[in-house]
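Summary of the model geometry
In case you want the letters, here they are:
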Amino acid sequence: LDGPVVAMVAEVAAALALDEGDPGTAGELLGVAAAQRGATDVGNPEVLGAHDRVRAALGAAADEAVRHGRELPRAEGLAALIAYVGEPVGQVRRW
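Remember, predicted model here, so these are calculated numbers, not experimental data.

Turning next to the overall build of the chain. Within the chain one finds five helices and zero strands. If you list the helices and strands of the chain from N to C, you get α-α-α-α-α. Projected onto its principal axes, the C-alpha coordinates of the chain cover approximately 35 × 25 × 20 Å. A buried classification covers 37% of the 95 residues belonging to the chain. At a minimum sequence separation of 6, the contacts of the chain that also span at least 24 residues come to 65%. Split by element, the accessible area of the chain, about 5300 Å² in all, is 57% carbon and sulfur. Of the charged side chains in the chain, 8 are positive and 14 negative; the average position of the first set lies 1 Å away from that of the second.

Bringing the side chain of Glu11 into the picture now. When you line up the elements, Glu11 lands in helix H1 (residues 3–19). What Glu11 contacts, discounting residues up to four positions off in sequence, is Leu30, Ala33, Arg37, Asp41 and Val47.

Turning to H1, a few remarks are in order. It helps to recall that an α-helix has 3.6 residues per turn; residues three or four apart then point in one direction. The end-to-end C-alpha distance of H1, which contains 17 residues, comes to 24 Å, matching closely the 24 Å that a straight helix rising 1.5 Å per residue would cover. For H1, every residue scored as buried is listed here: Gly3, Val6, Ala7, Ala10, Glu11, Ala13, Ala14, Leu16, Ala17 and Leu18. Turning to H1, the residues buried within the fold contact helix H2 (23–37), helix H3 (45–58) and helix H5 (74–85). Among the residues trailing H1, Gly21 stands out with phi positive, at a value near 80°.

Conventions adopted
Residues numbered from 1 in each chain as written. Predicted model: local features only at pLDDT ≥ 70, side-chain atom pairs only at ≥ 80, totals over all residues. Heavy atoms only, no water. Helix = DSSP H or I, 4+ residues; strand = E, 2+ residues; numbered from the N terminus. Buried < 20%, exposed > 50% of the residue type's maximum accessible area, 1.4 Å probe, protein only. Contact = heavy atoms within 4.5 Å. Areas by Shrake-Rupley, 256 points an atom, 1.4 Å probe, with all protein chains shown as cover. Lys, Arg positive; Asp, Glu negative; His and termini not counted. Charge placed at Lys NZ, Arg CZ, Asp CG, Glu CD. Expected span 1.5 Å × (residues − 1).

Purely geometric stuff here, so don't read any function into it on its own.
Right under this line is the structure:
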């Protein structure tokens with residue numbers, strides 16, 4: 001799978017998690033996105049805004065949530081993303 005595309009999906013999923021009141025999952029998914037892309041998309045104001053919202057909600061724990069997602073091996077990060085949004089083929093839980 002294409003890392004930057006997976007990263008974009010993870011960033012959208014992180015925004016959804018924030019909207020659903022789950023900043024911990026959002027932080028982890030932002031970390032997964034950074035790992036899949038190779039870096040945080042600092043040129044995207046929506047991604048930076050999501051990071052700000054996670055920090056506002058979690059305080060010091062935000063860094064740990066993002067770090068956890070970033071440190072997952074690629075396959076595990078993808079599995080965490082799929083666990084949140086649903087299988088990529090077939091019925092999708094959230095969208």
